[in-house]
Amino acid sequence: MPTPEVLMRSRYTAFVLNQTGYLLDTWHTTTRPAQLPPDLDTQWASLVIVAAPPPSGTTGSVHFRAFFRDSVGWHVLEEVSRFCFEEGRWWYLDGEPRVERLKPRRNERCLCGSGRKLKVCCGE
């Protein structure tokens, strides 16, 4: 991956597709968990990159928000992820995720980013 932002976007896609193998393969060995169980209950809706400053040498970061829905309702996951460049590629190191439950109203714009009202798009 050419930048931490590109790696972050590919990892988000892996979460959407529940590709735990890819997530583990892009996680740095010093912080990677032994396993990552599949999460079939989470429906990822959209990713917003808040900030992705140019890397500084072999370190980089990406501040993002990811919107998702599970059996409880809508949430936003916000994190500043840290990355390192080793062996000719970028690796995800870690981040401090913060999850907040959202309570969107039916007539608000959908959290998936479609621009449509929630009630006619992803529903409640």
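Further up the page is the structure itself.
As the structure is a computational prediction, the values presented were derived from the model and not from experiment. (Residues numbered from 1 in each chain as written. Predicted model: local features only at pLDDT ≥ 70, side-chain atom pairs only at ≥ 80, totals over all residues. Heavy atoms only, no water.)

### Re the packing of aromatic side chains
Heads up, the condition is: Any Phe, Tyr or Trp ring, taking Trp's six-membered ring, that has another such ring centre within 6.5 Å forms a pair; planes under 30 degrees apart are called stacked, those over 60 apart edge-to-face, and the others tilted. Remark: a charge is flagged as sitting over a ring if the NZ atom of Lys or the CZ atom of Arg is within 6 Å of the ring centre and within 35 degrees of the ring normal.
Evaluated as defined, the whole model comprises six aromatic pairs. An aromatic cluster of three or more residues is present, and its members are Y12, F15, W44 and F68. In this structure, R11 is placed above the aromatic ring of Y92, and the distance from its NZ or CZ to the ring centre is 4.3 Å. For the cation-ring pair, R89 lies above W91, with the distance from its terminal atom to the ring centre recorded as 3.7 Å.

### Brief notes about a positive patch on the surface
Operational definition: Any residue with relative accessible area above 30% and no salt bridge may belong to a patch, with like charges joined within 9 Å and the nonpolar Val, Leu, Ile, Met, Phe, Trp and Tyr side chains within 5 Å. Residue burial considers only the protein chains on display, and all accessible areas are found by Shrake-Rupley using a 1.4 Å probe. We define a salt bridge as a side-chain nitrogen of Lys or Arg found within 4 Å of a carboxyl oxygen belonging to Asp or Glu. Under the convention used here, Asp and Glu are negative, Lys and Arg are positive, and both His and the chain ends fall outside the count. To locate a charge, the coordinates of NZ of Lys, CZ of Arg, CG of Asp or CD of Glu are taken. Each helix corresponds to a stretch of at least 4 residues labelled H or I by DSSP, and each strand to a stretch of at least 2 residues labelled E; elements are numbered beginning at the N terminus. Exposed residues in this analysis have more than 50% of their type's maximum accessible area, buried residues have under 20%, and partly exposed residues fall in between, with area computed by a 1.4 Å probe over protein chains only.
Residues R106, R109, K117 and K119 make up a contiguous surface patch of positive charge. Within the secondary structure, R106 sits in the segment after strand 5 (98-102). The exposure class assigned to R106 is exposed, which follows from its relative accessible area of 54%.

### Things to note about the nonpolar core
The condition is simple: The set of buried Ala, Val, Leu, Ile, Met, Phe, Trp, Tyr and Cys residues whose side-chain atoms join them within 4.5 Å is what this entry labels a nonpolar core. Note on definitions: a residue-residue contact is assigned when non-hydrogen atoms from the two residues lie within 4.5 Å.
One finds M8, L47, I49, V62, F64, A66 and F83 to be the most contacted residues of the largest nonpolar core, which totals 15 residues. If you list the elements that add at least two residues to this core, you get helix 1 (4-17), strand 1 (43-51), strand 2 (59-69), strand 3 (74-86) and strand 4 (89-95). Ranked by residue count, the leading element in this core is strand 2, at four residues. The contacts of A66, once residues within four sequence positions are left out, are Y12, W44, S46, L47, H75, V76 and L77. Counting residues in each nonpolar core, the second largest holds seven residues, with F67, V76, L102 and L118 among its members.

### Considering the pairing of strand 3
Here is the rule: Two strands qualify as a pair provided that DSSP identifies no fewer than 2 bridges between them.
Summarising the sheet, strand 2 and strand 3 pair through 11 bridges and their orientation is antiparallel. Across the sheet, the residue bridging to G60 is F83, located in strand 3. Direction of pairing for strand 3 relative to strand 5: antiparallel, over a ladder of five bridges. Paired with L77 across the two strands is V99, which belongs to strand 5. The pairing of strand 3 with strand 4 spans six bridges and is classified as antiparallel. Paired with E86 across the two strands is R89, which belongs to strand 4. The antiparallel pairing of strand 3 with strand 4 creates a hairpin that spans two residues between the two strands, and E87 there sits at a positive phi of about 55 degrees.

Any functional reading would require information that these geometric values do not contain.
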